[in-house]
Amino acid sequence: MPSPQYITTAIDYPNAAPHMGHVLEKVLADVCARWFRLRGDKVRFQIGTDEHGVKVQRTAEVEGVTPKELVDRIVPLYKDLYKRLDISYDKFVRTTDQKEHWPTVIELWKKLDAAGKLEKQSYTGLYCSGCERFVTKKDLEDGKCVNHKKAPEEVSEENYFFLLSQDNENLKKLLTKKWDGEEYRIVPSFREKETLSLIDQGLDDVSFSRPKSSLSWGIPVPDDDEQTMYVWCDALTNYISGLDYFGLNNGEVACHERPRIGGGVEWWDDAEVTHVIGKDIARFHALIWPAMLKHAGVRIPNRLLIHGFLTSEGEKMSKSVGNVVVPDKVLEKFGGNCDPLRFYLSHEVPVGRDGDFSWDRIVKLYDSKLRNDLGNLLNRVLVLLNKEGGKLSDFGKDPKLLGKTWDEYKEALNNFRLEEGIGLALELTTACNQLIDIKKPWALEGEEKVQILSQLAEALRHISLLLLPFIPRTSERMLKQLGLKVPQTLEGKTEWGAEKGWKKVGESEILFEPII
RNA sequence: CGCGGGGUGGAGCAGCCCGGUAGCUCGCGAGGCUCAUAACCUCGAGGUCGCAGGUUCAAAUCCUGCCCCCGCAACCA
């Protein structure tokens, strides 16, 4: 029986405009969400922004605005981009939302405190008075601050710490066997090994708060005026605050984006929970988050889906190198159509691995796969059919086009091997182009001609469905041209000739225009 | 001896877990077709599978050592 699926991405840090790394994650999660819906699961898909912290505070200072003004200006850039990428999210959480987010965070903090898992300890670090913050080895050159050319001084401050070090063994069990009957799977598996070796090196307690004097832009620690919550309790909690998990808003969490989805506890306790995140924050999601939930008496999520990073033309993206790819430019290149980019990311970046964004490659892929193979196939079949009046004949038996495609496809997507799924759609496309060349329908007449073309149209229907999670906009256009409606689920649609009432195709139009 | 990933024809990758003719995409060369978006189809050239040992009848695939590249390295989201 399908269980409800709750899928989330990491929440983005809005101190700058979104880049391709953000896009990779959202597209990955969106393909999963769309696949879950197609296979018939109830789905809730949540994204959001992590808006507190010193970086935002400082960026705002530099720009001479309040932190709130800064994030209010930048967050819409993210929301707007994801709309244009057809990211089908149901809920967007903002950590600055004092009505929807804060109460859950404060409640979780109190539960951890009540469980005796929070303790004041002194934190000693290297503090640069120029930067007005703690610095790390990375920030130093010859023991001096890169920015201010002076040695930082050792400073101690009181913080609340989350006693993670006590959970070494439990967390190890959680990832290998079970912790109180619960297990947490990490995809891909090599990340699991990495996490386990981290645990073996020993876990330290985690600083969960900062004195107000060094961090003011955040959620206040309950019952302590002098402390502000540090990122972990604030940001990670978004996954349950967006559900109003503790019922502090009487379940009245607005789900503005897609009202058909309700809020509430059933999306956590009774659902399969998947967190899609980047490899940089894997350790926090694999260790701190489950420990927090456990000690607060909340069940642990089912799996972590960890993606890699994107390089740009083979090099690490960085502002100083100036090779940061702005998603808007890519959308612009393809006339505002997000599908070439979605296709590129799904096809070129195997889930879990690092990938590369290359302009040359996205253009080549667009031309060869989308335009020449797919778009041209649809066009030639429809043009030939419409010359005969557009009527379809019996689809007969599968002329060995589909074969085991659907079985393999379902198996691949259910195991998050998305690139394999999209590859199967392309293989079917190639098979159609081969068949059309062998059968030469343009040289045939009457029923025999229509029969071949009808089978090709049927194959194209399957191709549209196979592509639906990846490039939904294109699939919808294909189905429309074929004279079909877009199905909500795949149920009853994957057999050869499943559309019994399908008698006629629509008008053909160019699917992918040449790019300038 | 910090941790992890990778090194396969010009480029980008799959194959490695479960050893047995080295595969895909792009590019290149030749041919075919003409329904179609100068698109499509077929064939071909091109590789000591990072290096060195070992196991085996047989290794890209297992084992050992080494070299090179890329991330991460603790609160830096």
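Numbers given for residues are sequential positions, taken from 1 along each chain in its written order. Written order determines the labels here, with chains lettered from A and ligands numbered from 1. Totals for whole chains, interfaces and linings use all residues, but because this is a predicted model, local features are given only for residues with pLDDT of at least 70 and pairs of side-chain atoms are given and counted only at 80 or more. Heavy atoms from the whole structure form the basis of all side-chain values; hydrogens and water molecules are not counted.

## Structural notes on the confidence of the model for chain A
Turning to step 1, where the next piece is worked out: One confidence number per residue, pLDDT, is output by the predictor and ranges from 0 to 100. Across chain A, the average pLDDT comes to 89, with 91% of residues at 70 or higher.
Turning to step 2, where the next piece is worked out: When mean pLDDT is compared element by element in chain A, helix α17 (residues 472-482) scores highest at 97, while strand β6 (residues 140-141) scores lowest at 58.
Turning to step 3, where the next piece is worked out: With a pTM of 0.93, the predicted complex shows an ipTM of 0.88. Secondary structure elements are taken from DSSP: a helix is a run of H or I of four residues or more, a strand is a run of E of two residues or more, and numbering for both begins at the N terminus.

## Digging into the sheet that holds strand β1 (residues 5-9)
Turning to step 1, where the next piece is worked out: By definition, two strands form a pair when at least two bridges between them are found by DSSP. Ordered by their spatial adjacency, 6 strands build an open sheet running β3-β2-β1-β13-β14-β9, and the pairing between neighbours is parallel. Where the open sheet ends on each side, the last strands, each with one partner, are β3 (91-94) and β9 (185-187). Along the sheet, successive strands turn relative to each other by an average axial angle of 20 degrees, direction set aside.
Turning to step 2, where the next piece is worked out: Where helix α6 (residues 189-200) meets the sheet, it contacts β9 and β14 (303-307), and its direction lies at approximately 120 degrees from that of β9. Interaxial angle, 0 to 180 degrees, is taken between N-to-C directions of lines fitted to C-alpha atoms, where a helix line uses only the stretch in contact. Contacts between residues were defined by any pair of non-hydrogen atoms, one from each residue, lying within 4.5 Å.

## Structural notes on the packing of aromatic side chains
Aromatic ring pairs are defined here through the distance separating the ring centres and the angle between the ring planes.
Turning to step 1, where the next piece is worked out: Working definition: a ring pair exists when centres of Phe, Tyr or Trp rings (six-membered ring for Trp) sit within 6.5 Å. Plane angles under 30 degrees give stacked, over 60 give edge-to-face, the rest tilted. If you walk through the whole model with that rule in mind, you get 19 aromatic pairs.
Turning to step 2, where the next piece is worked out: Aromatic side chains Trp-268 and Trp-289 sit 6.3 Å apart centroid to centroid with 80 degrees between the ring planes, which places their arrangement in the edge-to-face category. Placement of the pair is Trp-268 in helix α9 (residues 266-269) and Trp-289 in helix α10 (residues 282-295), with a sequence separation of 21 residues.
Turning to step 3, where the next piece is worked out: Throughout, exposure labels follow a simple rule: accessible area from a 1.4 Å probe, protein chains only, divided by the maximum for the residue type, with under 20% read as buried, over 50% as exposed, and the rest as partly exposed. For Trp-268, a relative accessible area of 0% translates into the label buried.
Turning to step 4, where the next piece is worked out: Ring centres of Tyr-344 and Phe-357 lie 5.4 Å apart, and the angle between their planes is 65 degrees; on these two criteria the pair is classed as edge-to-face. Pair noted here: Tyr-344 is in helix α12 (residues 339-348) and Phe-357 is in strand β17 (residues 355-357), with a separation of 13 residues, a long-range link. Each of the two residues, Tyr-344 as well as Phe-357, counts as buried.

## Brief notes about the pairing of β1
Turning to step 1, where the next piece is worked out: Burial within β1 is extensive, with 5 of its 5 residues counted as buried.
Turning to step 2, where the next piece is worked out: Burial along β1 is two-sided: Gln-5, Ile-7 and Thr-9 and Tyr-6 and Thr-8, pointing in opposite directions, are all buried.
Turning to step 3, where the next piece is worked out: Pairing of β1 with strand β2 (residues 43-49) involves 4 bridges; the strand directions are parallel. The residue bridging Gln-5 from the neighbouring strand is Val-43, located in β2.
Turning to step 4, where the next piece is worked out: With 5 bridges joining them, β1 and strand β13 (residues 272-278) adopt parallel strand pairing. In the sheet register, Thr-8 faces β13, and the bridge partner there is His-275.

## Some remarks on the sheet that holds strand β16 (residues 315-316)
Turning to step 1, where the next piece is worked out: Read from one edge to the other, the open sheet built from 3 strands follows the order β16-β15-β17, with strand pairing classed as mixed. Single-partner strands in this sheet number two, and they are β16 and β17.
Turning to step 2, where the next piece is worked out: Looking at chain direction, strand β15 (residues 310-312) and β17 are connected through 3 bridges and run parallel. From the neighbouring strand, Thr-311 faces β17, where its bridge partner is Asp-356.

## Side note on the packing of helix α14 (residues 405-414) against helix α16 (residues 446-467)
Turning to step 1, where the next piece is worked out: Relative to each other, α14 and α16 sit at 5 degrees, their axes nearing to 12 Å. Classified by the angle their axes make, α14 and α16 are roughly parallel. Here Thr-405, Trp-406 and Tyr-409 of α14 come into contact with α16, specifically with His-462, Leu-465 and Leu-466.
Turning to step 2, where the next piece is worked out: Considered class by class, the residues forming the contact of α14 with α16 number 4 nonpolar, 2 polar and no charged. In these notes the angle categories are as follows: under 35 degrees is roughly parallel, over 145 is roughly antiparallel, 65 to 115 is roughly perpendicular, and the rest is oblique. Think of it as three bins: nonpolar holds Ala, Val, Leu, Ile, Met, Phe, Trp, Tyr, Cys and Pro, charged holds Asp, Glu, Lys and Arg, and polar takes everything else, Gly as well.

## Section: the environment of Arg-361
Turning to step 1, where the next piece is worked out: Relative to the assigned elements, Arg-361 resides in helix α13 (residues 359-387).
Turning to step 2, where the next piece is worked out: What makes Arg-361 partly exposed here is its relative accessible area of 42%.
Turning to step 3, where the next piece is worked out: Here the alpha-carbon distance between Arg-361 and Ser-213, two residues 148 residues apart in the chain, equals 49 Å.
Turning to step 4, where the next piece is worked out: In this structure Arg-361 touches Tyr-344 and Glu-348, once residues within four positions along its chain are discounted.

## Looking at the pattern of salt bridges
Turning to step 1, where the next piece is worked out: Any Lys or Arg side-chain nitrogen located within 4 Å of an Asp or Glu carboxyl oxygen qualifies as a salt bridge. With the rule as written, the count across this model stands at 33 salt bridges.
Turning to step 2, where the next piece is worked out: In this structure, the salt-bridge partner of Asp-86 is Arg-473, at a minimum N-O distance of 3.0 Å. Here Arg-473 lies in helix α17 and Asp-86 lies in the loop between α3 (67-84) and β3, a separation of 387 residues in the sequence.
Turning to step 3, where the next piece is worked out: Residue Lys-120 is joined to Asp-224 by a salt bridge in which the shortest nitrogen-to-oxygen separation is 3.3 Å. Here Asp-224 lies in the loop between β11 (209-211) and β12 (227-229) and Lys-120 lies in strand β4 (residues 118-128), a separation of 104 residues in the sequence.
Turning to step 4, where the next piece is worked out: Overlapping salt bridges, with partners in common, bring together Glu-51, Lys-68, Asp-72 and Arg-94 in one network.

## A look at empty space enclosed by the protein
Turning to step 1, where the next piece is worked out: Points on a 1 Å grid over protein atoms alone make up a cavity when a 1.4 Å probe fits among them but cannot get out, and a pocket when they form an open set with protein on both sides within 12 Å along at least five of seven lines; lining residues each have an atom within 4 Å of a point. Grid points are joined across faces, edges and corners, and a volume is the space filled by probe spheres set on the points. Considering all chains together, one arrives at 2 cavities of 30 Å³ or more under this definition.
Turning to step 2, where the next piece is worked out: By volume, the largest cavity amounts to about 110 Å³.
Turning to step 3, where the next piece is worked out: In this structure, the largest cavity is lined by 13 residues; those nearest its centre are Leu-24, Leu-28, Leu-345, Val-349 and Val-351.
Turning to step 4, where the next piece is worked out: When contributions to the lining of the largest cavity are tallied by element, the ones reaching two or more residues are α1 (20-38) and α12.
Turning to step 5, where the next piece is worked out: The dominant element in the lining of the largest cavity, judged by the number of residues it contributes, is α1, at 4 residues.
Turning to step 6, where the next piece is worked out: Residue composition of the lining of the largest cavity, by class: 9 nonpolar, 3 polar and 1 charged.

## Things to note about the nonpolar core
Turning to step 1, where the next piece is worked out: Counting residues in each nonpolar core, the largest one holds 100 residues, and the members touching the most others are Ile-7, Met-20, Leu-85, Leu-341, Leu-345, Phe-357 and Ile-463.
Turning to step 2, where the next piece is worked out: Ranked by residue count, the leading element in this core is α1, at 12 residues.
Turning to step 3, where the next piece is worked out: Formed jointly, this core draws a minimum of three residues from each of two domains, domain 1 (5-308) and domain 2 (336-350 + 358-482).
Turning to step 4, where the next piece is worked out: Ignoring sequence-local partners within four residues, the contact set of Phe-357 consists of Met-20, Leu-310, Thr-311, Ser-312, Glu-313, Val-325, Val-330, Leu-341, Tyr-344 and Ile-362. The criterion is simple. A nonpolar core is a set of buried Ala, Val, Leu, Ile, Met, Phe, Trp, Tyr and Cys residues joined through side-chain atoms within 4.5 Å. These domain limits were set by an automatic method or by a database of domain assignments.

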